[in-house]
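# Examining the three-dimensional arrangement
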Amino acid sequence: MKIRKTLFIFAPFFLASVAFADGLRKMTLTADDAVRMALENNKSLKREALLLRKHEREKRFLFGDLIPSAALTGAFEIPYLNKAENPMSFQTEVVMSMEFSPSIVKKIERTKIECEMGGITMEKARRLVEADVRILFHRIIYEEEYASHAEAICETLSNQLDEIEAKYNAGLLPENDLLSARIELNKQRSAYNEARDAVLQSKELFLSLLGIELNDDYEIEFMFGFPSDIDSFLLETESDFLRLQSEDAVKNLDAAYLEKSLAAAKAKVDELKVAAYGATISAGMKFNPSYEFHRGTDSASGWQKNGMFTVGLAWNFMNFLPFSPSSVQIKNAKDDIESLRIEIAEQRVSRKTKISANVREARRLVDAIKTDIENRALADQAYAIVFSAYQQGLKDYSALRDASDQKKNAEVNVLYDLYSLIALKINMELGM
């Protein structure tokens, strides 16, 4: 049985419900539910989670570098020459050794910082997915409304074409008006088809972000609506942007990642210095008992127990040479630190510039939406006047088409600027 699946989303709260035919299953989703589904099912986030788990595992088991190596060997010797003189023997050997360099302390510190960097990368990926989901909500709202508006215009133009054909057949209009009306209707139908395809493509992308697989058994429908009280929405948005223009309003993950990168680079320099100029301590123990006995006799030498314990201290003085590989590595690591400091300074300036540009763009969009609303009201009035005059024969079809285009553009401008403002707000709230 084919399952019909319907998804409804309402703005600004984006309350969504997924209903299945025949009462099989019903599910209600909010925007937060949709984001949670995306965070749980997104494949990119799963890859980032695996990388983070790798860093955490390395941090937990760093003490493994301090575990000594151990080996156990055994041998049983049977001579085949001079068997009477050469005894059979059994030998075993236990060897344990370990090395310790103070650089392991700095390595542990650097690995912990890199694990924190992995957490920041994971959080940034989560924010990016959330921003994509929420912005896509709004984009589908705009595209759905635009497609619906384009369809309504097609119906209007179709009705106008019927009237024009009737007047043309009655000899009241020239053929040119009839041909122009048909061309305009065909153009609008093409525009509607493009708008409908854009909606379908956005819906498929939306479902893929949620981790819902597409197949022929699903028939998807969306229902959207813009905020009914746009004036209150704009006042709230202006207040939010005043708060978001502060640099500390939202944690800047890019800056946090660069700061951790700088700390990791400093730890790496310390690690290289200690490894190059410090001493390496080594310790070892060897115990090799053996047992000999003669075949055909009861004589045996018994167990012979041999062993030793060694402690060593190694110091590579060649690393102090300025052209040694270790010295070159240290110099390169120091250059990496300076490069990161420059990048951090550039990022701070870029961050301030971006925030200022976003605030200016937000103010521009708020003013544009207010103007769009006024223009829409004026366009509606102008269209009503021209349409009435056209029915009375006081205006030609060209004037009616121009009024219709102005009305359409005014409505589309409101939708597009509203979508742009909401998308900008989402990006700023998530620090994108």
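The structure presented is a predicted model; accordingly, all values stated were derived computationally and were not measured.

### Digging into the environment of Arg53
Of note, Arg53 is situated in helix α2 (residues 43-60). Residue Arg53 is classed as partly exposed on the basis of its relative accessible area, which comes to 47%. For the pair Arg53 and Gly119, spaced 66 residues apart in the sequence, the C-alpha separation amounts to 9.6 Å.

### Some details on the pairing of strand β9 (residues 307-314)
A small share of β9 lies buried, amounting to zero of its eight residues. Note that strand β6 (residues 280-287) and β9 share eight bridges and pair antiparallel. Residue Phe287 lies in a different strand from β9, and its bridge partner there is Gly307.

### Observations regarding the packing of helix α5 (residues 230-244) against helix α7 (residues 325-391)
Running from N to C, α5 and α7 cross one another at 170°; their axes reach a closest spacing of 10 Å. As the angle between them shows, α5 and α7 are arranged roughly antiparallel. Here Ile230, Leu234, Glu238, Phe241, Leu242 and Leu244 of α5 lie close against α7, whose contacting residues are Ile355, Val359, Ala362, Arg363, Val366, Ile369, Lys370 and Ile373. Its residues placed into classes, the contact of α5 with α7 shows 11 nonpolar, no polar and three charged.

### Focus on a nonpolar patch on the surface
Among the surface-exposed residues, Met96, Met98, Phe100, Ile281, Met285, Phe309, Val311 and Leu313 lie close enough to one another that they form a single nonpolar patch of about 770 Å² accessible area. Looking at the nonpolar patch, the elements with two or more residues in it are β5 (88-100), β6 and β9. Here Leu313 is to be found in strand β9.

### Let's talk about the nonpolar core
Of all hydrophobic cores here, the largest spans 25 residues; its most connected members are Phe233, Leu234, Phe241, Ile369, Leu421 and Ile426. Going through the elements one at a time, α3 (103-169), α5, α7 and α8 (397-429) are the ones with two or more residues in this core. Looking at this core element by element, the count peaks at 10 residues for α8. Those residues within four positions of Phe241 in sequence are excluded, and the remaining contacts are Val359, Ala362, Leu421, Leu424, Lys425 and Met428. Of all hydrophobic cores here, the second largest spans 18 residues; its members include Ala34, Val35, Ala38 and Phe206.

### Remarks on α3
The end-to-end C-alpha distance of α3 is 96 Å, a good match for the 99 Å that 67 residues give at a rise of 1.5 Å each. A positive phi of about 80° marks Gly171, the residue just after α3.

### Thoughts on the packing of aromatic side chains
Under the defined criterion, the tally for this structure stands at six aromatic pairs. Geometrically, the ring pair formed by Phe137 and Phe206 is tilted, given 4.9 Å between the ring centres and 50° between the ring planes. Of this pair, Phe137 sits in helix α3 while Phe206 sits in helix α4 (residues 175-209), and the two are 69 residues apart along the sequence. With respect to burial, Phe137 and Phe206 carry one shared label: buried. What links up through ring pairs into an aromatic cluster is the set Tyr142, Tyr146, Tyr416 and Tyr419. One cation-aromatic arrangement involves Lys407 over Tyr383; the distance from NZ or CZ to the ring centre is 5.9 Å.

What counts, and where the lines are drawn
- Residues numbered from 1 in each chain as written.
- Predicted model: local features only at pLDDT ≥ 70, side-chain atom pairs only at ≥ 80, totals over all residues.
- Heavy atoms only, no water.
- Helix = DSSP H or I, 4+ residues; strand = E, 2+ residues; numbered from the N terminus.
- Buried < 20%, exposed > 50% of the residue type's maximum accessible area, 1.4 Å probe, protein only.
- Pairing = 2+ DSSP bridges.
- Axes fitted to C-alpha atoms, helices over the stretch in contact; angles between N-to-C directions.
- Parallel < 35°, antiparallel > 145°, perpendicular 65-115°, else oblique.
- Contact = heavy atoms within 4.5 Å.
- Nonpolar A, V, L, I, M, F, W, Y, C, P; charged D, E, K, R; others polar.
- Patch = residues over 30% accessible without salt bridge, like charges linked within 9 Å, V, L, I, M, F, W, Y side chains within 5 Å.
- Areas by Shrake-Rupley, 256 points an atom, 1.4 Å probe, with all protein chains shown as cover.
- Salt bridge = Lys/Arg side-chain N within 4 Å of Asp/Glu carboxyl O.
- Core = buried A, V, L, I, M, F, W, Y, C linked by side-chain atoms within 4.5 Å.
- Expected span 1.5 Å × (residues − 1).
- Phe/Tyr/Trp six-rings, centres within 6.5 Å; stacked < 30°, edge-to-face > 60°.
- Lys NZ or Arg CZ within 6 Å of the ring centre and 35° of its normal.

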